[in-house]
Amino acid sequence: MAEPRSPDGIHDGRLKAGLWDRHASPISFLVLAAILSGALLGLAGGQPNPVSRAAFDGANLSVKTPLLIRNGELFETVIEVQADRPLADATLAVSADLWRDMTINTMIPAPADEVFKSGSYQFAYGPLAAGDSLRVKIDGQINPPLFAGTRGTIALYDGDNMIGRQPLRIRVLT
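First things first, this report covers the structure right here in the doc. Worth saying up front: this structure is predicted, and the values here are computed from it rather than measured.

## Details of the sheet that holds strand 6 (residues 102-108)
Part 1 of the argument: As summarised here, the arrangement of the five strands in space is 1-2-4-9-6, forming an open sheet in which the pairing is antiparallel. Where the open sheet ends on each side, the last strands, each with one partner, are strand 1 (51-56) and strand 6. Adjacent strand axes in the sheet meet at a mean angle of 20°, parallel and antiparallel pairs treated alike.
Part 2 of the argument: Two strands pair when backbone bridges link them, and strand 1 and strand 2 (residues 59-64) are joined in this way by six bridges, in the antiparallel orientation. By the bridge assignment, Arg53 is partnered in strand 2 with Ser62.

Pasting the structure below:
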């Protein structure tokens, strides 16, 4: 009587497992570890927002906003002005380039007057006495067309006289 034949390709050598045949590849573990390490280091955003400060003649300006953000995310910006001398009409000016493809949802407190002048959105808050401070909270969202990022300035005026401006760059990840 003849021995039964095995189907094509099946033989005893296929039944023995090699070193990596029954375990996950270490390459997949290393790729996962690299992705998690990058996220923990803040390469994808989500880190605490830095505060950038500038001292001008008559006032100090600080801006706390995300410098790295993902497309579609909501964000918060806090602008603080500390007057060293009396300001007749403290006015914040945000360049139009900085808010390109962003939606600004709220601004608290609301300014006394809002205008678009000289390529910037200008928000007048009225007089500030020496030693007084103004703190403005702005909530916004990055719109989908914004790719790679945006840059512009936030300036402080006393009426029509510029006290100083602070450059700002926000990187946007898709």
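Having seen the model, we can carry on.
## Section: the packing of aromatic side chains
Part 1 of the argument: Evaluated as defined, the whole model comprises three aromatic pairs.
Part 2 of the argument: Chaining the aromatic ring pairs together yields one cluster made of Trp99, Phe116, Tyr121 and Phe123.

## What to know about the pattern of salt bridges
Pairing between side chains of opposite charge can happen when the charged atoms of each approach one another.
Part 1 of the argument: The tally for this structure, following the rule as stated, stands at six salt bridges.
Part 2 of the argument: The salt bridge partner of Arg135 is Glu80, with a shortest N-O separation of 3.1 Å. Residue Arg135 is located in strand 9 (residues 133-142), and its partner Glu80 is located in strand 4 (residues 74-83); the two are separated by 55 residues in the primary sequence.
Part 3 of the argument: When its relative accessible area of 52% is taken as the criterion, Arg135 is described as exposed.
Part 4 of the argument: Of the charged contacts in the structure, one is a salt bridge between Lys117 and Asp160, with a shortest N-O distance of 3.0 Å. Highlighted residues: Lys117 in strand 7 (residues 113-117) and Asp160 in the loop between strand 10 (148-158) and strand 11 (161-173), separated in sequence by 43 residues.
Part 5 of the argument: Given the relative accessible area of 62%, Asp160 is considered exposed.
Part 6 of the argument: One salt-bridge network, in which partners are shared between bridges, spans Glu76, Lys137 and Asp139.

What counts, and where the lines are drawn
- Residues numbered from 1 in each chain as written.
- Predicted model: local features only at pLDDT ≥ 70, side-chain atom pairs only at ≥ 80, totals over all residues.
- Heavy atoms only, no water.
- Pairing = 2+ DSSP bridges.
- Helix = DSSP H or I, 4+ residues; strand = E, 2+ residues; numbered from the N terminus.
- Axes fitted to C-alpha atoms, helices over the stretch in contact; angles between N-to-C directions.
- Phe/Tyr/Trp six-rings, centres within 6.5 Å; stacked < 30°, edge-to-face > 60°.
- Salt bridge = Lys/Arg side-chain N within 4 Å of Asp/Glu carboxyl O.
- Buried < 20%, exposed > 50% of the residue type's maximum accessible area, 1.4 Å probe, protein only.

By themselves these figures say nothing about function.
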